[in-house]
Amino acid sequence: MTTPAGGRAATAPTGTLTAALAVEGLSWRIGAVPIVDDVTLHLEPDEFMALIGPNGAGKTSLFNLISGLRRPSAGRIRLGGEDVTALAPYRRARLGLGRTFQTSAVFGSLTVSENVALAVQARRGGAMRAWRKRADLSVVARAEEILQEVRLEARAAALAGSLAHGEKRKLEIALLLAGEPRVLLLDEPMAGVSAEEVPALVAVVRGLTAGTGRSVLMVEHHMDVVLDVADRVAVLHHGALLACDTPAAVMADPFVQEAYLGEEL
Ligand SMILES: Nc1ncnc2c1ncn2[C@@H]1O[C@H](COP(=O)(O)OP(=O)(O)OP(=O)(O)O)[C@@H](O)[C@H]1O
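Predicted model, so just to flag it, every value in this text is computed and none were measured.

Colleague: Help me understand unusual backbone geometry in this model?
Modeller: Leave glycine aside and you will find that most residues have negative phi; peptide bonds, for their part, are mostly trans. The phi angle at D38 is positive, at roughly 55 degrees, despite the residue not being glycine. With respect to the helices, strands and loops of the structure, D38 is situated in strand 2 (residues 33-43). Not every positive phi belongs to a glycine, and H238 is a case in point at roughly 50 degrees. Positionally, H238 belongs in the loop between strand 9 (232-237) and strand 10 (240-245).

Spelled out as structure tokens, the structure:
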């Protein structure tokens, strides 16, 4: 592992079994090259943690390990205390892990509310045909609740394909919430969103953990957004965890500043 100035590896202490998400000694190597290097962090219930790091630091790779798209070379992942290291992505999702991707996954030719209702129905496992014939009121009610939470209720009847970027991001979050996740992995939610739309989206993202029992781990390059919403900030550098602390402490950390030398922090 390489850290600036021969530095140190950070760990984020707290309870392994009480954490909403516990990552312990997680490594992923390609050949001899460590892409994710002995990362340990714990995300608490209701906590909002940002994951930052220079380009190529391993943030997406860490998300891929946590969501099960990649198998680690070493280490463990626990969700709500349960060891999920060997489980397929869909089984982790059933246990409460939800992830957004940088690319959009909405049905553009369906309305906003139809997209969310289908996602709620899919989570509940009923036949789509039955839902289409006679709207299941509890599905519709839950879809409406979710649209309110992401502040998209005024656009419920709009075709998803007609939404602005920021609205589409809200819809993606709504689809994620339809899976009733306890831990949300958000991958650059502000990417491609116009400056005017950012504050409204930040308000939705910030609300995801507020008194909900959910936890969020968010990769985001916009530092103003990170400082606005995160309880703690984890910093990856060359695949290793360089720091995990409050936003103020991380910003003041000379190791972090050195890691970002020449890049915007
Ligand atoms: N499947 C792969 N095969 C080979 N190298 C890979 C693979 N996946 C990732 N890498 C390498 O691992 C390193 C970390 O990549 P990763 O995409 O996880 O970084 P990141 O922090 O998400 O970067 P960015 O901020 O640019 O999205 C990079 O050097 C990348 O080239």
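Colleague: What is the right way to read the pattern of salt bridges from this model?
Modeller: Once their charged atoms are close, side chains differing in charge can pair, the charge on each being opposite to the other. Tallying each qualifying case throughout the model produces 10 salt bridges. Ionic pairing is found between E24 and R78, a salt bridge with its closest N-O pair at 3.6 Å. Separated by 54 residues along the polypeptide, E24 in strand 1 (residues 21-30) and R78 in strand 4 (residues 74-79) bring together distant segments of the chain. Judged by relative accessible area, E24 falls into the buried class, the value being 17%. Linking D187 and R99 is a salt bridge whose minimum nitrogen-to-oxygen distance equals 4.0 Å. Taken together, the residues span a long stretch of sequence, with D187 in strand 7 (residues 183-187) and R99 in strand 6 (residues 97-99) at a distance of 88 residues. With respect to class, D187 is no different from R99; both count as buried. Each of R142, E145 and E180 takes part in a single network of salt bridges with overlapping partners.

Colleague: Help me out: how do you make sense of the sheet that holds strand 9 in this one?
Modeller: Working definition: the strands of a sheet are paired by backbone hydrogen bonds and lie parallel or antiparallel to each other. The mixed open sheet is built from six strands, whose spatial order is 6-7-8-3-9-10. If you trace the sheet from one side to the other, it starts and ends with strand 6 and strand 10, each paired once. If you compare each strand with its neighbour and ignore which way they point, the axes differ by 15 degrees on average. Direction of pairing for strand 3 (residues 48-52) relative to strand 8 (residues 215-219): parallel, over a ladder of four bridges. What sits directly across from F48, in strand 8, is V216.

Colleague: For this particular structure, what's the right way to read the packing of helix 3 (residues 112-124) against helix 6 (residues 165-178)?
Modeller: Think of two packed helices as two axes; the pair is described by the angle between the axes and how far apart they sit. Axis separation between helix 3 and helix 6 bottoms out at 8 Å; the angle between their running directions is 20 degrees. When the interaxial angle is binned, helix 3 and helix 6 end up roughly parallel. The element helix 3 and its partner helix 6 pack so that their crossing is right-handed. Together, V112, N115, V116, A119, V120 and R123 of helix 3 and L171, A174, L175 and A178 of helix 6 make up the contact between the two elements. Residues of the contact of helix 3 with helix 6, tallied by class, amount to eight nonpolar, one polar and one charged.

Colleague: What should I look at first to understand the environment of V198 in this one?
Modeller: Along the polypeptide, V198 turns up in helix 7 (residues 198-207). When its relative accessible area of 18% is taken as the criterion, V198 is described as buried. Residues V198 and V225 lie 27 residues apart in sequence; the distance between their C-alpha atoms is 8.8 Å. Residue contacts for V198: discarding those within four places in its chain leaves M190, V193 and V225.

Colleague: So what exactly am I meant to see when it comes to helix 5 (residues 137-149) here?
Modeller: Between the first and last C-alpha of helix 5 there are 18 Å, a value that for 13 residues agrees with the 18 Å anticipated at 1.5 Å per step. Listing the buried residues of helix 5 in full gives V139, R142, A143, I146 and L147. An end-on view of helix 5 places all buried positions within 140 degrees of arc, on one side of the element. With respect to the buried face of helix 5, the exposed residues turned more than 90 degrees away are L137 and Q148. Looking one or two places after helix 5, you find R151, whose phi comes out positive at around 60 degrees.

About the thresholds
- The residue count restarts for each chain, going from 1 along the sequence in the order it is written.
- Reporting of local features is limited, given that this is a predicted model, to residues whose pLDDT is at least 70; pairs of side-chain atoms are given and counted only at 80 or more, and all residues count toward the totals for whole chains, interfaces and linings.
- With hydrogens and water excluded, all non-hydrogen atoms of the structure serve as input to the side-chain values.
- A helix here means a DSSP run of H or I that spans at least four residues, while a strand means a run of E at least two residues long, and both kinds are numbered starting from the N terminus.
- Here a salt bridge means any side-chain nitrogen of Lys or Arg lying within 4 Å of a carboxyl oxygen belonging to Asp or Glu.
- Relative accessibility under 20% of the residue-type maximum defines a buried residue, over 50% an exposed one, and the middle range a partly exposed one, all with a 1.4 Å probe and only protein chains included.
- The pairing criterion is simple: DSSP has to find at least two bridges between the two strands.
- All axes are obtained by fitting lines to C-alpha atoms, using only the stretch in contact for helices, and the reported angles, taken between N-to-C directions, cover 0 to 180 degrees.
- Comment on the angle field: the value is read as roughly parallel under 35 degrees, roughly antiparallel over 145, roughly perpendicular from 65 to 115, and oblique elsewhere.
- Crossings are sorted by hand: turned counterclockwise from the far helix by less than a right angle, the near helix makes the crossing left-handed, and turned clockwise it makes it right-handed.
- We call two residues contacting when some pair of their heavy atoms lies within 4.5 Å.
- Any residue outside Ala, Val, Leu, Ile, Met, Phe, Trp, Tyr, Cys, Pro, Asp, Glu, Lys and Arg is labelled polar, Gly included; the first ten of those are nonpolar and the last four are charged.
- In this scheme, a helix's expected span is set at 1.5 Å multiplied by one less than its residue total.
- Starting at the helix axis, one direction is taken to each C-beta atom, and the arc is that of these directions.

Limitation: the analysis is restricted to geometry and does not speak to function.
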